[in-house]
Amino acid sequence: MRADDGSRKVRSAITAIAAALVMLLVPASGAGASPGQLFVFGSNFLGELGSTVNEGVLPNANPTPALLNLPGATGQVVQAATGASFSLVLTSTGQLYAFGYDTSGQLGSPTPMSGRNSTPTQVTLPGASGPIVQVAAGEASSLAVTASGQLYSFGENRFGQLGRETNAG
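Here's a quick rundown of the structure. (Residues numbered from 1 in each chain as written. Predicted model: local features only at pLDDT ≥ 70, side-chain atom pairs only at ≥ 80, totals over all residues. Heavy atoms only, no water.)

What to know about the sheet that holds strand E10 (residues 151-155)
Consideration 1: Ordered in space as E8-E9-E10, the 3 strands form an open sheet in which the pairing is antiparallel. Unpaired on one side and paired on the other, strand E8 (132-137) and E10 mark the two borders of the sheet. Strand-to-strand twist of the sheet, defined as the mean angle between neighbouring strand axes without regard to direction, takes the value 20 degrees.
Consideration 2: For E8 and strand E9 (residues 141-146), the ladder comprises 5 bridges, and the chain directions are antiparallel. By the bridge assignment, Gln134 is partnered in E9 with Val145. (Pairing = 2+ DSSP bridges. Helix = DSSP H or I, 4+ residues; strand = E, 2+ residues; numbered from the N terminus. Axes fitted to C-alpha atoms, helices over the stretch in contact; angles between N-to-C directions.)

Below, the structure is given as structure tokens:
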């Protein structure tokens, strides 16, 4: 058994709990809310709801949907993606925000935060030409595609999920 197998089992258990995270994107005809608003509810144990409300509390600490605030965001929310214990949110103007548990750089920070980051933080893609138009999240990895077709990958690459050899295996 490798030294990190125990922590991986704990993360797997937390992943099962974090699966209770739900994001609800209000469509253009959403009743009682503006189009492009994002509501979050469920487990916020690792900050994956983008809020400090009941952070670290188990289980299902936030059963009532709450509007997510993205500091400095312009445009409506057009996409949300969730990993095992983190979230990605994309606006119509191509701004990418990330928040939650960052152990492998999946939040797009040059230096992994190695812990909770419940504040939605804008991600900058070095050398990107054009706005971000699509995002995806794996267990601990993230993908972003720009309007010009550039594909960015960041986070854990233990199994080559980032599509490159650096740090694979």
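Resuming the write-up.
Things to note about the packing of aromatic side chains
Consideration 1: This structure, assessed with the given rule, holds 0 aromatic pairs.
Consideration 2: Over the face of the ring belonging to Phe45 we find Arg116, whose NZ or CZ atom lies 5.1 Å from the ring centre. (Phe/Tyr/Trp six-rings, centres within 6.5 Å; stacked < 30°, edge-to-face > 60°. Lys NZ or Arg CZ within 6 Å of the ring centre and 35° of its normal.)

Quick word on the layout of surface pockets
Consideration 1: In this structure, the largest pocket encloses a volume near 210 Å³.
Consideration 2: In terms of lining residues, the largest pocket is bounded by 16 residues, among which Gly108, Ser109, Pro110, Val123 and Thr124 are the most central.
Consideration 3: Among the secondary structure elements, those contributing two or more residues to the lining of the largest pocket are strand E7 (115-123) and E10.
Consideration 4: Considered class by class, the residues forming the lining of the largest pocket number 9 nonpolar, 7 polar and no charged. (1 Å grid on protein atoms, 1.4 Å probe; cavity = no way out; pocket = protein on both sides within 12 Å on 5 of 7 lines; lining within 4 Å. Points joined across faces, edges and corners; volume = space filled by probe spheres on them. Nonpolar A, V, L, I, M, F, W, Y, C, P; charged D, E, K, R; others polar.)

On their own, these measurements won't tell you what the molecule is for.
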